[in-house]
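Residues per chain, in single letters:
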Amino acid sequence: MWRVGVTSLLVMTVWVASTLAQHGYSTAEIVEGGRLFQASCARCHGPDGDGVAGLNFSRGQFRRAAGDDEIARIIMVGIPGTGMPPGNFSEFDAGRIVAYLRSMAAAPAENAGSPGNAARGKALVEGKGQCLTCHRVDGAGSQLGPDLNSVGPLRRTVDLRRSLLDPDAEIFDDNRFARVVTRDGEAITGRLLNQDSFSIQLFDMKERLLSFTKSDLRDWAMLKSPMPSYRDKLSSEELADVVSYLRSLKGRP
Amino acid sequence: MNEPRRFEPQRPQRTQRKQLGSFVIFVTFVVFVVHPFVTLTAQVSFDRLLRAAQEPQNWLTYSGTVMSQRYSLLTQVTPANVKNLEQQWVFQAQSLEKFEATPLVVDGVIYTVQAPNDVVALDALTGRAFWIYSHVPSPQARPCCGRVNRGLAILGNTLFMATLDDHLIALDAKSGRPVWNTVIEGARPEAGYAFTVAPLVVKDKVIVGVAGAEFGVRGFLAAFDTTTGKEVWRFNTVPGPGEAGNGTWSGDSWKRGGASVWVTGSYDADLNLTYWGLGNPGPDWNGDSREGDNLYSDAVVALDADTGTLKWHFQFTPHDEMDYDSTQVPVLADLEWQGRMRKVMLWANRNGFLYVLDRTNGQFLLGKPFVKVTWAKELDEKGRPIRAQSPTEDGVVIFPHAVGATNWMSPSFSPRTGLFYIPSLMDSYATFPKRAVDFVEGRVFVGAFPVGPIQTLRGGPINRRIPEQGYGAIQAFDPKTGTQKWIFKLADLTDSGVLSTASDLVFAGSREGYFFALDARDGSLLWKANLGGNIASGPITYAVNGRQYVMVAAGNSLVAFSLR
């Protein structure tokens, strides 16, 4: 029978890169693990994984579990006699949550800098930053890029900061862009919705659903993120304000 | 007799022809002028929904138009060239459930539902997915007859889906992102309340009704504001104390009265009435606990579309003990009736009778059996059945089977031929025993299942049935006389809807997996394709870039055909 003494405190630092490589989780799976974590675990553990005393997932601090399999097992069966309930997860989903927890430790939250002012951040997002040209918050803005309405609990401070400074660093499959040039020479850029060997589907700046036969195109190519880096556009205080505002967005996804 | 009967089709009148000509020009203009690639060009206003017949390149509502005729003005595919139909693409759903949804087609984009509650946007040219929105219904949801959904409604750029676990969800049609998500009040999944119906948009409201009559729910129709998702009106399909009709239920049986809604209604803009067919009373096969007519079970109700107020009703099967849901699509037509034009409603009912009603007031105009019927001797002059049979303790053989003479599958009416095309189950029967039944919330509340050689679902690819056990057919009836014009017989049963076109084609399918085209005038077989899976929804047609497509769901796949 699996049992760990209540008093035994096991603090582990994990060498994240190798662990993730072993399991081979894709970015999309880690993100999905993050969604599951934020939906089911963050209420107690907090979005940064430090909500329960003695635990800090962002620092790789776990109390009982030694390895990925053990963490996954705790996620599935819970810890009897404690506040940790069994989760209704498949082994696969539990594995993805573990992958997310490891990824948190790979980019610790304390590097995120000082907290900003969310109200000022809102003004920057809607004004100077021109974020709503591509993004949407609470029904306002464009649907071209990711909807930010519930980004708060989904992305950590450090993730948001990195995306603002270096948009190409991590692009989810959902947010890939492509550019096509038709035979007439018309160039169209849009979010990649789908593609197969013969066709490609985009959602463009005019919010149109477009489908092209590849053989009818003069050219087509995948793009890096169309989002500009805000490294030179916002001061570090402004950046912190924007991040604080984004972390405060907890609306309906 | 397997030989289809012949008749001389009516020639279209001159005005009709002229209209047809201008429509063809219109369609040609629309489909050729669009960009060489697919675009979602314009918002779908309610005006477009009302005039959906005039843009036949699209399929904008569950039944094609608010008149629900499933009749298209597209004429590129004809009786002469239909043999050249060729498969263009297949979309395979990630679901093993029955594919009951009728897709919408909006300016080159197809919107449909992959069971149970995934909304899918597809490119109408290639069948490739633009986006998928997944709603995972609560495991508490307990639909009687499969975790199915029949489709969507659209208004503006917003799609609407009602879910198995009693949500009504609005999605942005371009991005697939949710706009609002309303939990429908008083409908608890664990008590058997489930939504499988494709919603109907009327003006600024989206109307849905609840299923669950096999669980003793109390049915209702409700309208929601399309912008906010707030409920605007509700019509209880089983009247409560103080409401007219409550006296047709003995004791407190109305509380579990059923009268569910699971097939989309219709709308008449001149009358501002919306029509909905209602399901069986509960419990299905033992009426002893609910003496009376049990309004508005097995009835059609005509409601004021703005307020939900009942204007008239017509009950097809008072005090039903056979499970003859009147959940058929109300098919609206304007017919010359005994010398004057009348607004009528055509209704081939699960109880085996074909009805013609005046849809302004519910007046009964005609009613005749379209299959073998023994439960009623005939209809009286007001359309009320003269009852001949009820379930007994020992069991009694009754025609038709509880599955019905037809069921929820959509018929079609062609204004050109003047014929009403009915997906039918011929010569079906069952032994109906009567058993005591207790109500336990969330458990089936039906009585004893009738026993007969009709399977509710397709059993598999092997069929050894003989016609005496009942068989499927597509029948054409002249609604003015209630007489059969032709019948196309199938070896197995059918769950397929019917589509008719202005080029005098009728498309339908079968449990065998055949998708076929018949001559609308005489029922002769013109073309068939074996799609392998059960066809359990209605075929549609649309056009993109000047090319007409015919589409049907079979098994777990949506298949599109066009001419070679």
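This report concerns the structure included in the present document. The structure displayed is predicted, hence computed values, not measured ones. (Residues numbered from 1 in each chain as written. Chains lettered and ligands numbered in written order. Predicted model: local features only at pLDDT ≥ 70, side-chain atom pairs only at ≥ 80, totals over all residues.)

Quick notes on the overall build of chain A
Going by this rule: Numbering goes from the N terminus for both helices and strands, where a helix is a DSSP run of H or I of at least four residues and a strand is a run of E of at least two. Counting other C-beta atoms within 10 Å of a residue's own tells you its class, since 20 or more makes it buried, 12 or fewer makes it exposed, and anything in between is partly exposed; those C-beta atoms are placed from the backbone. Residues are treated as contacting if the C-beta atoms built from their backbones sit within 7 Å of each other.
Within chain A one finds nine helices and seven strands. Looking at chain A residue by residue over its 253 residues, the buried ones come to 35%. The contacts of chain A with a sequence gap of at least 6 include a subset with a gap of at least 24, amounting to 63%.

Looking at the pairing of strand β19 (residues 331-337) of chain B
Residues and elements named next belong to chain B. Here is the rule: At least two bridges found by DSSP between two strands are what make those strands a pair.
Pairing geometry for β19 and strand β20 (residues 340-348), over seven bridges, is antiparallel. Residue pairing for β20: E336 is matched across the bridge by M341. Between β19 and β20, which pair antiparallel in sequence order, lie two residues; one of them, Q338, sits at a positive phi of approximately 50°.

Remarks on the pairing of strand β16 (residues 273-277) of chain B
All names here are of chain B. A large share of β16 lies buried, amounting to five of its five residues. Both faces of β16 are covered, namely the face carrying L273, Y275 and G277 and the face carrying T274 and W276. Bridging between strand β15 (residues 266-268) and β16 involves three bridges; their strand directions are antiparallel. Paired with D268 across the strands is L273, a residue of β16. Turn length for the β15-β16 hairpin, with the two strands adjacent in sequence and antiparallel, is four residues, and the turn residue N272 shows positive phi of about 55°. Two strands pair when backbone bridges link them, and β16 and strand β17 (residues 299-304) are joined in this way by five bridges, in the antiparallel orientation.

With respect to the sheet that holds strand β27 (residues 419-426) of chain B
Residue and element names in this part refer to chain B. What counts here: Only the stretch in contact is used when a helix axis is fitted, and all axes are lines through C-alpha atoms; the angle between N-to-C directions ranges over 0 to 180 degrees.
The strand order across the open sheet formed by four strands is β26-β27-β29-β30, and the pairing between neighbours is antiparallel. With partners counted over all chains shown, the strands left at the sheet margins are β26 (412-414) and β30 (483-489), one partner each. Between one strand axis and the next, the sheet turns through 30° on average, direction left out of account. Strand direction decides the pairing type here: β27 and strand β29 (residues 471-478), joined by seven bridges, are antiparallel. Among the inter-strand pairings, S424 is bridged to a residue of β29, identified as A473.

Looking at the sheet that holds strand β2 (residues 85-92) of chain B
Residue and element names in this part refer to chain B. Strand order in this open sheet of four strands is β2-β37-β36-β35, and the pairing throughout is antiparallel. With one partner strand each, in any of the chains shown, β2 and β35 (540-544) form the two edges of the open sheet. This sheet shows a mean twist of 30° between the axes of neighbouring strands, independent of strand direction.

Considerations on the nonpolar core
All names here are of chain B. Spelled out, the test is: A set of buried residues qualifies as a nonpolar core if it consists of Ala, Val, Leu, Ile, Met, Phe, Trp, Tyr and Cys joined through C-beta atoms within 7 Å.
Ranked by internal contacts, the top residues of the largest apolar core, which has 186 residues, are Y111, L152, I154 and V506. With six residues, strand β36 (residues 547-554) is the single largest residue contributor to this core. The contacts of I154, once residues within four sequence positions are left out, are V44, L60, L104, V106, Y111, L159 and A173.

Concerning the packing of helix α6 (residues 118-126) of chain A against helix α9 (residues 236-248) of chain A
Residues and elements named next belong to chain A. Stated formally: Note on angle classes: values under 35 degrees are labelled roughly parallel, values over 145 roughly antiparallel, values of 65 to 115 roughly perpendicular, and the remainder oblique. Polar here means any residue other than Ala, Val, Leu, Ile, Met, Phe, Trp, Tyr, Cys and Pro, which are nonpolar, and Asp, Glu, Lys and Arg, which are charged; Gly is therefore polar.
At a closest axis distance of 7 Å, the pairing of α6 and α9 adopts a crossing angle of 95°. Comparing their axes, α9 and α6 come out roughly perpendicular. Mapping the contact onto sequence places A118, R120, G121, K122, L124 and V125 in α6 and E238, D241, V242, S244, Y245 and S248 in α9. Split into classes, the residues belonging to the contact of α6 with α9 amount to five nonpolar, three polar and four charged.

Remarks on the interface of chain B and chain A
Of the residues lining the interface, 18 residues belong to chain B; the matching set on chain A comes to 15 residues. Elements that contribute at least two residues to the side of chain B that touches chain A include exactly β5 (118-123) and β6 (129-134) of chain B. Looking at which element gives the most residues to the side of chain B that touches chain A, the answer is β6(B), with three residues. Classifying every residue of the side of chain B that touches chain A gives ten nonpolar, three polar and five charged.

Structural notes on unusual backbone geometry
All names here are of chain B. That bond from G282 to P283 is cis: its omega, -5°, falls within 30 degrees of zero. With respect to the helices and strands, the residue P283 is situated in the loop between β16 and β17. For the bond running from L295 to Y296, omega is 0°, close enough to zero to count as cis. Positive phi outside glycine occurs at S68, with the angle close to 65°. A count of 29 C-beta atoms within 10 Å places S68 in the buried class. Look at D107: it is not a glycine, yet its phi comes out positive at around 50°.

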